Amino acid sequence: MKVLGIESTAHTLGVGIVDEDDVLANKKSMYKPEEGGIHPRKASEHHYQHALEVLNNALDKAGLEEEDLDAVAFAQGPGIPQCLEIGAVMARSIAERYDLKLIGVNHCLSHISIGTRTTEAENPTTLYVSGGNSQIIEYRNGRYRIIGETLDIALGNALDKFARKLGYPHPGGPEIEKLAEKTDDIIELSYPIKGMDFSFSGLTTEAERKIGEVSDEVLANSFQEHAYSAVVEALERAMAQEGSNEALLTGGVAMNSRLREMVETMCEQRDAEAYFPPAEFCMDNGAMIAHQGLVELKDGRGTKIDDSGKRPDWRPDEVEATWIEK
Ligand code: ATP
Ligand code: FE2
């Protein structure tokens, strides 16, 4: 079965194509804000302006035409409403025009599915950290449960905001990483964990207030150490509670080498395994949506045009994950 997947939840417009054996294509175009954070209208303009180009790039790469496909999957949510709309319209148009099956999938669950497809992980505790989401997710009794999450802004968003204050353009995560690598010194900041949850808004404001008092390198390093320790501590607790021996790290912030190192060390100490999908599958991408679509279609699911409206606040635990037991 050949499934085309469309990702458009935030700043990435991605189109991927998968079948049971291979990822046949994974193409994208990213909206980059000229200044500040993601501007919803401008991001959606980027997406529709690049829709045909990215779609054709993916079809060319896979050596396929629309007629060769069996289904179209799209990220129905969660995400920025204006951006979700573009992916939904693309998917509906292609499905109608070529008489293909349509399926709307949850973006967060797609990150986990592509993570297990591209690594050896089987039933991991997932730490999903990106610009728009920060969650610890585990499968229990028919659903993926959110065991811990940010109480305010996402980790990637916090890094981007802090980096912007230091004068770096979006995305700021890699800039903070480069600065932090230049020093081992840290200063104490507030530790952003609240039980199984975490929060990054206060830490960001605190770090921003110290700009000029302490070097940028030390501030960046301190920010990373505090924020990453908090999410890894929550991840460890979630694993301990459930007796899990697999951790999966995904989302854009999963590209960070210091965070990977912390997850690896924690797993070594617990005799657990840490899994990191290849970078192209950590960041938002179309192949993960296509793969999730494939999995759900094989489970007998599908989405009617009437039910294919965007779902900006769709939480992964609202989905009955019936495909897992099979
Ligand atoms: P989502 O829709 O899942 O919230 P997103 O739109 O934020 O995703 P991603 O590509 O998953 O897109 O993640 C982008 C985020 O990852 C940005 O906040 C960016 O700063 C962060 N990031 C990218 N590389 C690194 C890195 N090396 N270290 C830390 N953060 C990083
Ligand atoms: Fe994402």
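Keep in mind it's a predicted model, so treat the numbers as computed, not measured.

(A) Here's a closer look at the coordination of the iron ion (ligand 2). Each protein donor to the iron ion (ligand 2) is listed here as His 107 (NE2), His 111 (NE2), Tyr 128 (OH) and Asp 284 (OD); together their distances run 2.1 to 2.6 Å. Asp 284 gets classed as buried once you look at its relative accessible area, which sits at 14%.

(B) Quick peek at the site of ligand 1. Close to ligand 1 lie 25 residues, the nearest being Tyr 128, Ser 130, Gly 131, Gly 132 and Asp 160. A distance of 2.7 Å is found between a nitrogen atom of ligand 1 and a side-chain nitrogen or oxygen belonging to Glu 177. Coverage of ligand 1 by the protein chains reaches 94% of its 640 Å² of free accessible surface. Of all the cavities here, the one that holds ligand 1 is the largest pocket. Mapped by element, the contributors of at least two residues to the shell around ligand 1 are helix H3 (107-118), helix H4 (155-165) and helix H5 (173-180). Residue classes in the shell around ligand 1 are distributed as nine nonpolar, 13 polar and three charged. Counting contributing residues, the shell around ligand 1 receives three or more from each of domain 1 (3-111 + 281-325) and domain 2 (123-276).

(C) Spatial organisation of unusual backbone geometry. Geometrically, the link from Gly 77 to Pro 78 is a cis peptide bond, its omega value of -5° lying close to zero. In this fold, Pro 78 is placed in the loop between strand S4 (71-77) and helix H2 (81-98). Pro 171 follows His 170 through a cis peptide bond whose omega is -5°. Tracing the backbone shows Pro 171 in the loop between H4 and H5. Backbone geometry at Asn 141 places phi at a positive 45°, although glycine is not the residue there. Looking at the element boundaries, Asn 141 is found in the loop between strand S7 (134-140) and strand S8 (143-149).

(D) Spatial organisation of the packing of H5 against helix H7 (residues 216-242). Taken N-terminus to C-terminus, the directions of H5 and H7 make an angle of 110°; their axes are 7 Å apart at the nearest point. Between H5 and H7, the crossing angle belongs to the class labelled roughly perpendicular. Between H5 and H7 lies a crossing of left-handed hand. Contacts between H5 and H7 pair Ile 176, Glu 177, Leu 179 and Ala 180 from the former with Asp 216, Glu 217, Ala 220, Asn 221 and Gln 224 from the latter. Looking at the contact of H5 with H7, its residues break down into four nonpolar, two polar and three charged.

(E) Structural view of the domain arrangement of the protein. When the domains of the protein are assigned, the result is domain 1 (3-111 + 281-325) and domain 2 (123-276). When each unit is reduced to the centre of its C-alpha atoms, the spacing between domain 1 and domain 2 is 26 Å. Taken residue by residue, the interface counts 22 residues in domain 1 and 20 residues in domain 2. A per-residue breakdown of the area domain 1 buries against domain 2 is headed by His 111, Cys 282 and Asp 317, which together make up 28% of the total. Breaking the side of domain 1 that touches domain 2 down by element, the ones donating at least two residues are H3 and helix H9 (279-282). With four residues, the single largest contributor to the side of domain 1 that touches domain 2 is H3.

(F) Here's a closer look at the sheet that holds strand S3 (residues 23-30). Spatially, the five strands line up as an open sheet ordered S3-S2-S1-S4-S5, and their pairing is mixed. Each edge of the sheet is formed by a strand with only one pairing partner; in this case those strands are S3 and strand S5 (101-106). Strand-to-strand twist in this sheet, taken as the mean axis angle between neighbours without regard to direction, amounts to 20°. Examined bridge by bridge, strand S2 (residues 12-18) and S3 share seven bridges and lie antiparallel to one another. Opposite Val 18, over in S3, you have Val 23 as the bridge partner. Strand contacts of helix H1 (residues 40-62): strand S1 (3-7), S2 and S3, with the helix running at about 155° to S3, the strand carrying the most contacts. Along the sheet face, H3 touches S1, S2, S3, S4 and S5 and points at about 95° away from the line of S5.

(G) Representation of the nonpolar core within the structure. Judged by nonpolar contacts, the single largest core of 48 residues is most densely connected at Leu 155, Leu 259 and Val 263. Those elements that place two or more of their residues in this core are strand S6 (125-129), H4, H5, helix H6 (201-209), H7, strand S11 (246-250) and helix H8 (257-270). Take this core: its biggest share by element is 13 residues, from H7. Formed by 24 residues, the second largest nonpolar core is a distinct cluster that contains Ala 62, Leu 69, Met 90 and Ala 95.

(H) Region of the structure containing the packing of H4 against H6. Packing of H4 against H6 brings their axes to within 10 Å, and their N-to-C directions diverge by 15°. The angle between H4 and H6 places the two elements in the roughly parallel class. In this structure, H4 crosses over H6, and the sense of that crossing is right-handed. Where H4 approaches H6, its residues Ala 158, Lys 161, Phe 162 and Lys 165 are matched on the opposing element by Thr 204, Ala 207 and Glu 208. For the contact of H4 with H6, a count of residues per class yields three nonpolar, one polar and three charged.

(I) Fine view of the side chain of Glu 177. Structurally, Glu 177 can be placed in helix H5. Within the structure, Glu 177 has its side chain in polar contact with the side chain of Ser 257 (distance 2.5 Å). Excluding its chain neighbours within four sequence positions, the residues that come into contact with Glu 177 are Gln 224, Met 255, Asn 256, Ser 257 and Arg 258.

What counts as what
Residues numbered from 1 in each chain as written. Chains lettered and ligands numbered in written order. Predicted model: local features only at pLDDT ≥ 70, side-chain atom pairs only at ≥ 80, totals over all residues. Heavy atoms only, no water. Donors = N, O, S within 2.8 Å, 3.2 Å for Na, K, Ca; no water. Buried < 20%, exposed > 50% of the residue type's maximum accessible area, 1.4 Å probe, protein only. Near = heavy atom within 4 Å. Polar contact = N/O pair within 3.5 Å; in protein donor to acceptor, adjacent residues only side chain to side chain. Areas by Shrake-Rupley, 256 points an atom, 1.4 Å probe, with all protein chains shown as cover. 1 Å grid on protein atoms, 1.4 Å probe; cavity = no way out; pocket = protein on both sides within 12 Å on 5 of 7 lines; lining within 4 Å. Sits in = over half its atoms within 2 Å of the grid points. Helix = DSSP H or I, 4+ residues; strand = E, 2+ residues; numbered from the N terminus. Nonpolar A, V, L, I, M, F, W, Y, C, P; charged D, E, K, R; others polar. Domains from an automatic or database assignment. Axes fitted to C-alpha atoms, helices over the stretch in contact; angles between N-to-C directions. Parallel < 35°, antiparallel > 145°, perpendicular 65-115°, else oblique. Left-handed = near helix turned anticlockwise from the far one by under 90°. Contact = heavy atoms within 4.5 Å. Buried area = accessible area lost by both parts, 1.4 Å probe. Pairing = 2+ DSSP bridges. Core = buried A, V, L, I, M, F, W, Y, C linked by side-chain atoms within 4.5 Å.

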